[in-house]
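Coordinate analysis (summary)
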Amino acid sequence: MPQTTINLLDLPLPALEAYFVSIGAKPFHARQWYKWVWQKDVLDVDQMTDLPKSFRENLKENHVLREPTLGEVEESQDGTTKLQIVLEDGQAVECVLIPERERNTLCISSQVGCAVGCRFCYTAGMGFSRNLAVSEIVGQYRLASRYAAERWGRIDNVVMMGMGEPLYNLENVVDACEILMDTKALGLGARKVTVSTSGVAPKIPELIARSRVGLAVSLNATTDEQRTKIMPINRKWNIGQLVEVLQNIPKPRRKRVFLEYVMLGGVNDTLADAKRLLKIARRTGAKVNLIRFNPHPRADFDAPDEENLLRFQQILVDGGVGAWLRKSRGRDIHAACGMLGKAEKPKE
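Heads up: these notes are all about the structure in this document. (Residues numbered from 1 in each chain as written. Predicted model: local features only at pLDDT ≥ 70, side-chain atom pairs only at ≥ 80, totals over all residues. Heavy atoms only, no water.)

Looking only at helices and strands, the protein chain has eleven helices and twelve strands in total. Taken over the C-alpha trace, the protein chain has a radius of gyration of 21 Å; the compact-globule value for 348 residues is 20 Å, and the two agree within 12%. Dimensions of the protein chain, computed from the C-alpha atoms along their principal axes, are close to 70 × 45 × 35 Å. A burial count over the protein chain gives 54% of its 348 residues as buried. Across the protein chain, the fraction of contacts at a sequence separation of at least 24, relative to all contacts at a separation of at least 6, is 64%. Carbon and sulfur atoms form 50% of the exposed surface of the protein chain, whose accessible area is close to 15300 Å². For the protein chain, the distance from the average site of its 48 positive side-chain charges to the average site of its 42 negative ones is 6 Å. (Helix = DSSP H or I, 4+ residues; strand = E, 2+ residues; numbered from the N terminus. Rg over C-alpha atoms; globule rule 2.2 N^0.38 Å. Buried < 20%, exposed > 50% of the residue type's maximum accessible area, 1.4 Å probe, protein only. Contact = heavy atoms within 4.5 Å. Areas by Shrake-Rupley, 256 points an atom, 1.4 Å probe, with all protein chains shown as cover. Lys, Arg positive; Asp, Glu negative; His and termini not counted. Charge placed at Lys NZ, Arg CZ, Asp CG, Glu CD.)

In the sheet, strand S10 (residues 257–263) pairs with strand S11 (residues 287–292) via six bridges, with the strands oriented parallel. If you follow Met 263 over to S11, its bridge partner there is Arg 292. As a crossover connection, the stretch from S10 through helix H10 (residues 271–284) into S11 is right-handed. Bridge analysis of S11 against strand S12 (residues 323–326) gives four bridges, and the strand direction is parallel. Bridging from a neighbouring strand, Asn 289 pairs with Trp 324 of S12. (Pairing = 2+ DSSP bridges. Right-handed = clockwise from strand over helix to strand, strands pointing away.)

Moving on, we get to the sheet that holds S11. Taken in spatial order, the ten strands of this open sheet run S1-S2-S3-S4-S7-S8-S9-S10-S11-S12, and their pairing is mixed. Two strands bound the open sheet, and with one partner strand each, they are strand S1 (69–75) and S12. For this sheet, the mean inter-axis angle between neighbouring strands, taken without regard to orientation, is 25 degrees. Where strand S2 (residues 81–86) lies against strand S3 (residues 92–99), six bridges are found, and the strand directions are antiparallel. (Axes fitted to C-alpha atoms, helices over the stretch in contact; angles between N-to-C directions.)

Attention now goes to the pairing of strand S8 (residues 193–197). Across the five residues that make up S8, a large majority, five, are buried. Taking every second residue as pointing to the same face, both faces of S8 are buried, with Val 193, Val 195 and Thr 197 on one and Thr 194 and Ser 196 on the other. Here strand S7 (residues 157–160) runs beside S8; their pairing, made up of three bridges, is parallel. Within S8, the residue paired with Met 160 across the bridge is Val 195. Each parallel crossover has a hand, and for S7 linked through helix H5 (residues 170–181) to S8 it is right-handed.

Let's shift gears to helix H4 (residues 134–148). Across its 15 residues, H4 extends 21 Å between first and last C-alpha, which sits within 8% of the 21 Å expected from 1.5 Å per residue. Most of H4 sits inside the fold, with 13 of its 15 residues counted as buried. (Expected span 1.5 Å × (residues − 1).)

A full pass over the atoms with the stated rule returns 22 salt bridges. Taking the shortest distance from any N to any O, the salt bridge between Glu 57 and Lys 60 comes out at 3.1 Å. Of this pair, Glu 57 and Lys 60 both sit in helix H3 (residues 53–62), three residues apart, which is roughly one turn of that helix. A residue is classified by how much of its surface remains accessible, and Glu 57, at 28% relative accessible area, is partly exposed. Judged by relative accessible area, which is 36%, Lys 60 ranks as partly exposed. Residue Glu 74 is joined to Lys 82 by a salt bridge in which the shortest nitrogen-to-oxygen separation is 3.7 Å. (Salt bridge = Lys/Arg side-chain N within 4 Å of Asp/Glu carboxyl O.)

Following this line, the structure appears as structure tokens:
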């Protein structure tokens, strides 16, 4: 059998079955292993007693089952909990657990840092270090689930809106989402996992073709001039290109597309912006999430006026577009939208 140090936690089931066959096992052995690891949360190969003993010895000697570890945990006054996830190389990312009455949501990261450079985002100030492996993405869910189990119960909703641009790590993100959604693994189901992108237009069709996840596009402006100022990625893929890509998504899938819109006071929150956003939402068939900007030391923006925000939302609703105001959760622990990364003192 070949010698390897492959981390088996990086493999979704089809890849694991093929790999097990390549080292002399049977496809059903992969399914047995899968059940032990993902459903029973067992990482000790010796406990996997329905696998042949000789094969278990091979797994122990030539493979690893390596997860990240849980670091510092901070809890907000509103119950939102930020978890530091420590990686094997000593770097760390953050994920955020948001417990609610109707569901528990986990916001997870796809990269260490981020290369996109959105001007309103705290993580942008970190720069980019590296992509996360499949095991490091799924590991955030596993660690958070263990932490939340007794207090809040099952985490039943995942949004990939944490640190990093998921579509710049597409291969690992697709495989990680498959493990999260697979009923033979963590069993969340396709409607419980959403991937957010800053607008990497060429990769969106590939994500839609290869995965059943929901899609959120971080739009945040309604003109190219405006969007380029706050999101440099718009120089590569502008609003028109994004709209065209979203229009070409098969209609049944468009029902699960959201436009994320961070409201920056005095910048993108005018009634004219609302009317332009209404047109974009109608053309793409997307729903809209409105997000209050969370002030922090790395961005010179203000939160929107509350009355203006409500008028903005009403224009969308009156125009027949589903539009929701996302609650700002965990700001006191630097866990709110756009605030992940090693914290400085928040702006008052």
